[in-house]
Amino acid sequence: LIPFLPRVGSNSREPANGFDIHPDGKTLLIPFDQNARVPVAACYNRDQKTLDTLALPIDSVVGRTCLWMRYNSTGSKILYSYYPYSAFGDAVWTSSEVGIIDAVTRQKKVIPIQINRDNISVNVFPSWSPNDKDIIFGSAPVTKASGNVVGLYSIAIKKNVLGL
């Protein structure tokens, strides 16, 4: 067990969830909430006991502060959800972004997700299918006409995400 991990940056808060372990078992992938700023991620090497910041190609979006990440079965790709802090509250100011980051090149590919007619939804906690082709995630529609109210979450599946 790791009793304590240092924080990354002066404004970072503790990671509550969204962390993962590389398939080789040597590296932990850890998101850090940056207190109303773009979250950062770090890799903790369990053998060397080192924590290194992971450069992520994520843009700053007002209202989005939370990050959830998962390695695929080989560790070559990182599935992520960058979602609003208020995703489980009454209303949000922005939607979420789900995508895949190449673990080596850090290139990002956003996965297009259309759940409702307003084309706004909050999509959280994505996970890979066993064959690394599909993803499953929680999704809630956001209704603009009702003041960006977050609806009920459902389970959603997006097929063939690597072929998009």
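Everything numeric here is computed off the predicted structure, so don't read it as measured data.

Draft legend 1. Representation of the sheet that holds strand E2 (residues 27–32). In spatial order, the strands read E1-E2-E3-E4; together these 4 strands make up an open sheet with antiparallel pairing. A single partner strand is all that each edge strand has here, and the edge strands are strand E1 (20–21) and strand E4 (50–54). Pairing of E2 with strand E3 (residues 40–45), which is carried by 6 bridges, proceeds in the antiparallel orientation. Across the sheet, Phe 32 pairs through a bridge with Val 40, a residue of E3.

Draft legend 2. Representation of the pairing of E2 in the model. Within E2, 6 of the 6 residues are buried, which leaves it mostly tucked inside the rest of the structure. Side-chain alternation along E2 places Thr 27, Leu 29 and Pro 31 on one buried face and Leu 28, Ile 30 and Phe 32 on a second face that is also buried. As paired elements, E1 and E2 share 2 bridges and run antiparallel to each other. Paired with Ile 21 across the bridge in E2 is Leu 28. Connecting E1 to the next strand, E2, in antiparallel fashion are 5 residues, including Gly 25 with a positive phi near 80 degrees.

Quick notes on the rules
- All residue numbers here refer to positions counted from 1 along the written sequence of the relevant chain.
- Thresholds applied to this predicted model are a pLDDT of at least 70 for local features of residues and 80 or more for the giving and counting of side-chain atom pairs; totals over whole chains, interfaces and linings are not thresholded and use all residues.
- Neither water nor hydrogens contribute to the side-chain values; these are computed over all heavy atoms in the structure.
- Here, strands pair whenever DSSP counts at least two bridges between them.
- Helix and strand definitions here come from DSSP, where helices need a minimum of 4 consecutive H or I residues and strands a minimum of 2 consecutive E residues; each element is numbered from the N-terminal end.
- Relative accessibility decides the category of a residue: with a 1.4 Å probe and only protein chains considered, values under 20% of the type maximum give buried, values over 50% give exposed, and everything between is partly exposed.

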